[in-house]
Amino acid sequence: MRILEVTPNPDKTLTVVGDNGYSGVFDVKPYLQFEAFAELDTDTEFRKISNGGYFVEWACGADLSADTIEANWMVTDRLNVSA
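Everything numeric here is computed off the predicted structure, so don't read it as measured data.

Rules of the game
- Residues numbered from 1 in each chain as written.
- Predicted model: local features only at pLDDT ≥ 70, side-chain atom pairs only at ≥ 80, totals over all residues.
- Heavy atoms only, no water.
- Core = buried A, V, L, I, M, F, W, Y, C linked by side-chain atoms within 4.5 Å.
- Buried < 20%, exposed > 50% of the residue type's maximum accessible area, 1.4 Å probe, protein only.
- Helix = DSSP H or I, 4+ residues; strand = E, 2+ residues; numbered from the N terminus.
- Contact = heavy atoms within 4.5 Å.
- Pairing = 2+ DSSP bridges.
- Axes fitted to C-alpha atoms, helices over the stretch in contact; angles between N-to-C directions.

A. Focus on the nonpolar core. By size, the foremost hydrophobic cluster in this structure holds 20 residues, and its most contacted members are Leu14, Val56, Trp58 and Ile69. Elements with a minimum of two residues in this core: strand S1 (3-8), strand S2 (13-18), strand S5 (55-58) and helix H2 (66-72). For Ile69, the contacting residues outside a window of four places in its chain are Met1, Ile3, Val16, Phe26, Val56 and Leu64.

Right under this line is the structure:
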């Protein structure tokens, strides 16, 4: 899956739209226990996210692959998306 859109939410989840035609929510909270993700516990840092297509990355250097997101997200919608 390639990530078309990613939106950080106040509850430490990401709303993600993939080129596979699905939209879903990925919970980042379980990752906050790890040192690489610790800075994301603040709203300011959590919102500093960029979309790399096959990964998302935060300004602090933490990142998640599209494969990880797709394997663990909760699909919320089926979209008409053409890649």
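B. Looking closely at the environment of Glu57. The residue Glu57 is located in strand S5 in this model. Glu57 sits in the partly exposed class, given a relative accessible area of 30%. Sequence separation between Glu57 and Tyr22 is 35 residues, and the spatial gap between their C-alpha atoms is 21 Å. Residues contacting Glu57, with those up to four places away along its chain left out, are Lys48, Ile49, Ser50, Ala62 and Asp63.

C. Examining the sheet that holds S2 more closely. If you walk across this open sheet you meet the four strands as S1-S2-S3-S7, and the pairing is antiparallel. Either end of the sheet is taken by a strand with one partner, and the two such strands are S1 and strand S7 (74-78). Strand-to-strand twist across the sheet, computed as the mean angle between neighbouring axes with direction ignored, equals 20°. Of the strand pairs in this sheet, S2 and strand S3 (residues 22-27) are connected by five bridges, and their pairing is antiparallel.

D. Spatial organisation of the sheet that holds S5. With respect to topology, three strands assemble into an open sheet ordered S4-S5-S6, the strand pairing being antiparallel. The open sheet has two edge strands with one neighbour each: strand S4 (49-51) and strand S6 (63-65). The average angle at which neighbouring strand axes cross in this sheet is 15°, direction not considered. Pairing between S5 and S6: three bridges, direction antiparallel. Following the sheet pairing, Glu57 is matched in S6 by Asp63.

None of this, on its own, says anything about what the molecule does.
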